[in-house]
Amino acid sequence: MIEFNVAQLLKSPIGATREYELDDDVSRLDPGIHTIKNIIGHITFMKTAQGILVEGKAIAEVELICSRCLKPFAQTIEVAFADEFRPRVDIVTGIPLDVSGVEEALLITPRHMLVLDELIREKLLLAIPMKPLCSPDCKGLCPVCGHDLNEGPCEHVGQRSVHPAWLVLEQLLDDKSR
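## Here's the deal with the pairing of strand β4 (residues 52–65)
So, point 1. Burial along β4 is one-sided: the face carrying I52, V54, G56, A58, A60, V62 and L64 is buried and the face carrying L53, E55, K57, I59, E61, E63 and I65 is not.
So, point 2. The pairing of β4 with strand β5 (residues 72–87) spans 14 bridges and is classified as antiparallel. Residue pairing across strands places A58 opposite V79, the latter belonging to β5.
So, point 3. Connecting the antiparallel pair β4 and β5 is a turn made up of six residues, with L70 showing a positive phi of about 65°.

## Topic: the nonpolar core
So, point 1. With 35 residues, the main nonpolar core has F45, I52, L114 and L116 as its most contacted residues.
So, point 2. When contributions to this core are tallied by element, the ones reaching two or more residues are α1 (7–11), β3 (35–47), β4, β5 and α2 (117–127).
So, point 3. A total of six residues in this core trace back to one element, the largest contributor, which is β4.
So, point 4. When neighbours within four sequence positions are excluded, L114 is seen to be in contact with I2, E3, F4, V6, F45, I52, V54, F85 and I108.

## Quick notes on the pattern of salt bridges
Between side chains of opposite charge, pairing is possible as soon as their charged atoms come close.
So, point 1. Scanning all chains against the criterion turns up five salt bridges.
So, point 2. Notably, a salt bridge pairs K123 with D83, separated by 3.9 Å at the nearest N-O pair. Residue K123 is found in helix α2, and its partner D83 is found in strand β5; the two are separated by 40 residues along the sequence.
So, point 3. In this structure, R88 engages E104 in a salt bridge whose closest nitrogen and oxygen atoms are separated by 2.6 Å. Of the two residues, R88 sits in the loop between β5 and β6 (107–108) while E104 sits in the loop between β5 and β6, which places them 16 residues apart along the sequence.
So, point 4. A network of salt bridges, in which partner residues are shared, links K71, D148 and E151.

## Regarding the pairing of β5
So, point 1. Bridge count for β5 against β6 is two bridges, and the pairing is parallel. Bridging across to β6, R86 finds its partner in L107.

## A look at the packing of aromatic side chains
So, point 1. For the structure on display, the rule yields three aromatic pairs.
So, point 2. Centroid distance F4 to F45: 5.2 Å. Interplanar angle 85°. Geometry classified as edge-to-face. Of this pair, F4 sits in strand β1 (residues 3–5) while F45 is found in strand β3, placing the two residues 41 residues apart along the sequence.
So, point 3. Between Y20 and F45 the ring centres are 5.2 Å apart and the planes differ by 55°, which places this aromatic pair in the tilted class.

## Here's the deal with the layout of surface pockets
A water-sized probe rolled over the atoms picks out the places where empty space is left.
So, point 1. By volume, the largest pocket is sized at about 160 Å³.
So, point 2. Residue lining of the largest pocket: 13 residues in total, with L10, A49, Q50, P87 and L97 positioned closest to the centre.
So, point 3. Among the residues making up the lining of the largest pocket, the classes are represented as seven nonpolar, two polar and four charged.

## A short note on the confidence of the model for the protein
Caution applies to low-pLDDT parts of the model: their predicted coordinates are not meant to be read in detail.
So, point 1. Taken as a whole, the protein shows an average pLDDT of 86; of its residues, 89% reach a score of 70 or greater.
So, point 2. In the model of the protein, helix α3 (residues 167–177) stands out as the element of lowest mean pLDDT, 78, in contrast to α1, which has the highest, 94.

## Remarks on the environment of G41
So, point 1. Within the secondary structure layout, G41 lies in strand β3.
So, point 2. Residue G41 is classed as buried on the basis of its relative accessible area of 17%.
So, point 3. Along the sequence, G41 and A60 sit 19 residues apart, while their C-alpha atoms lie 8.7 Å from each other.
So, point 4. Residues contacting G41, with those up to four places away along its chain left out, are Y20, E21, L22, K57 and A58.

## As for a nonpolar patch on the surface
So, point 1. The grouping of W166, V168, L169 and L172 at the surface amounts to a nonpolar patch, some 430 Å² of accessible area in total.
So, point 2. Here L169 shows up in helix α3.

About the cut-offs
- Residues numbered from 1 in each chain as written.
- Predicted model: local features only at pLDDT ≥ 70, side-chain atom pairs only at ≥ 80, totals over all residues.
- Heavy atoms only, no water.
- Buried < 20%, exposed > 50% of the residue type's maximum accessible area, 1.4 Å probe, protein only.
- Helix = DSSP H or I, 4+ residues; strand = E, 2+ residues; numbered from the N terminus.
- Pairing = 2+ DSSP bridges.
- Core = buried A, V, L, I, M, F, W, Y, C linked by side-chain atoms within 4.5 Å.
- Contact = heavy atoms within 4.5 Å.
- Salt bridge = Lys/Arg side-chain N within 4 Å of Asp/Glu carboxyl O.
- Phe/Tyr/Trp six-rings, centres within 6.5 Å; stacked < 30°, edge-to-face > 60°.
- 1 Å grid on protein atoms, 1.4 Å probe; cavity = no way out; pocket = protein on both sides within 12 Å on 5 of 7 lines; lining within 4 Å.
- Points joined across faces, edges and corners; volume = space filled by probe spheres on them.
- Nonpolar A, V, L, I, M, F, W, Y, C, P; charged D, E, K, R; others polar.
- pLDDT = per-residue confidence, 0-100.
- Patch = residues over 30% accessible without salt bridge, like charges linked within 9 Å, V, L, I, M, F, W, Y side chains within 5 Å.
- Areas by Shrake-Rupley, 256 points an atom, 1.4 Å probe, with all protein chains shown as cover.

Here it is as structure tokens:
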């Protein structure tokens with residue numbers, strides 16, 4: 001887990017800061033269908049009247065699947081974030097605080113641990129392109145036989161693949177053009 005003990009910072013005056021470097025294996029984040037190898041970055045914690053403001057930038061290498069040729073490839077993704085985390089209990093008295101309406105991922109644990117796993121996972125998922133490409137000039141797959149056109153042309157070059165449902169319409173267009 002990417003977590004930090006912020007008990008001393010919670011006791012500090014408003015505006016107090018702490019800075020940390022990230023360099024962590026985060027393969028356990030389980031980002032869904034993507035594999036994250038490791039994450040590096042820089043984060044700053046600042047004490048606020050409500051809790052702790054976390055600002056930072058992180059870079060992670062993510063394994064994706066090309067939307068054209070369906071081959072896996074690695075892509076570096078950079079994210080920036082700024083969110084305020086709120087404590088669940090008062091640092092001095094230990095009395096539970098009202099945190100209704102605050103997202104669970106943005107709460108500091110009762111033991112004053114600030115956990116960044118969910119925040120970073122969410123930011124990385126949002127930064128992944130909707131249609132990832134292994135390269136901008138990826139040619140994709142042949143629509144007829146499925147051959148990877150990046151490896152060279154296939155025998156179907158220039159042929160159109162027409163779904164059987166459209167053959168009747170194509171025949172009507174041919175009849176009309178005569």
